[in-house]
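Each chain is listed here by its residues.
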Amino acid sequence: MSMRADSDGKAYDDINVTPMVDLYLVLLLIFIIMTTAGLQGLKVNLPKESAATSQAKKKIQAITVSSEGKIFLNTVPVSLADLETDLTRAKGETPDMPVVVRGDSSTQYHAVMDVLNVCAKLGITQVALATKPLKGS
């Protein structure tokens, strides 16, 4: 390092960091390119999915209870008795079928409880209640 003088004749000691920053950025760019190139892996011929596995996929049943107490199964209006028969048929096809219950915030509590009782009566154990996240979360 050498001491230099500015136009006023005062000495100053300065390190120019611009080339060092350029070097860091080039190294960072090379690192990013090399890591993404390494993630591609080897090309393999993947096996096709069999028809048996595609039929075994779980189909979620969505039950909605409107503010008037009307019940909908996958957007189709049903009565409580029809809901039980439709869920029985769906459970016969997929024994571990998940169910999501969506109740309007102004729905009477007993209407949602009637739907949950039907699910419990049929032995449906994967039941979720849909809610909105809190604001600010």
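None of these values were measured; they are calculated from a predicted model.

Criteria and thresholds
- Numbers given to residues run from 1 along each chain, matching the order in which its sequence is written.
- Totals for whole chains, interfaces and linings use every residue, but because this is a predicted model, local features are given only for residues with pLDDT of at least 70 and side-chain atom pairs only at 80 or more, for both listing and counting.
- Each side-chain value is derived from all of the structure's non-hydrogen atoms; neither hydrogens nor water enter the calculation.
- The helix count covers DSSP runs of H or I at least four residues long, the strand count covers runs of E at least two residues long, and both are numbered beginning at the N terminus.
- Multiplying one less than the number of residues by 1.5 Å gives the expected span of a helix.
- Pairs of residues are marked as contacts when any of their non-hydrogen atoms sit within 4.5 Å.
- Scored from 0 to 100, pLDDT records how confident the predictor is in each individual residue.
- We call two strands paired when DSSP finds no fewer than two bridges between them.
- The angle between two axes is taken between their N-to-C directions and runs from 0 to 180 degrees, where each axis is a line fitted to C-alpha atoms and a helix contributes only its stretch in contact.
- In this scheme, a residue with accessible area under 20% of its type's maximum is buried, one over 50% is exposed, and one in between is partly exposed, where area comes from a 1.4 Å probe on protein chains only.

Asks: I keep staring at helix α4 (residues 109-121) and nothing clicks. Help me out?
Replies: Given 3.6 residues per turn, any residue in an α-helix points the same way as the ones three and four places further on. Between the first and last C-alpha of α4 there are 18 Å, a value that for 13 residues agrees with the 18 Å anticipated at 1.5 Å per step. At its buried positions, α4 is contacted by β3 (61-65), β4 (71-73), α3 (80-93), β6 (99-103) and β7 (127-129). Once α4 finishes, G123 follows within two positions and takes phi at roughly 80°, a positive value.

Asks: What's the story with the confidence of the model for the chain in this structure? I'm lost.
Replies: Low pLDDT means the predicted atomic positions in that stretch should not be read closely. Per-residue confidence for the chain gives a mean pLDDT of 78, with 76% of residues at or over 70. In the model of the chain, helix α2 (residues 51-55) stands out as the element of lowest mean pLDDT, 51, in contrast to α3, which has the highest, 88.

Asks: What exactly am I supposed to notice about the sheet that holds β4 here?
Replies: Sheets are built from strands that pair by backbone hydrogen bonding, the pairs being arranged parallel or antiparallel. Spatially, the five strands line up as an open sheet ordered β5-β4-β3-β6-β7, and their pairing is mixed. Since the sheet does not close on itself, it has two edges, and those belong to β5 (76-78) and β7, each with one partner. The mean angle between the axes of side-by-side strands here comes to 30°, regardless of whether they run parallel or antiparallel. Here β4 pairs with β5 via three bridges, running antiparallel. Along β5, the bridge assignment pairs L73 with V76. Of the strands in this sheet, β3, β4 and β5 touch α3, which is tilted by about 20° from β4.

Asks: So what exactly am I meant to see when it comes to the pairing of β3 here?
Replies: Taken residue by residue, a regular strand's side chains alternate between the two faces of the sheet. Along β3, the buried face is formed by Q61, I63 and V65; none of A62 and T64, which line the opposite face, is buried. Of the strand pairs in this sheet, β3 and β6 are connected by five bridges, and their pairing is parallel. Bridge assignment links A62 to a residue of β6, and that residue is V100. Sheet analysis places β3 next to β4, joined by three bridges and oriented antiparallel. The residue bridging T64 from the neighbouring strand is F72, located in β4. Hairpin geometry of β3 and β4 is characterised by an intervening segment of five residues between the two adjacent antiparallel strands and by a positive phi of about 95° at G69.

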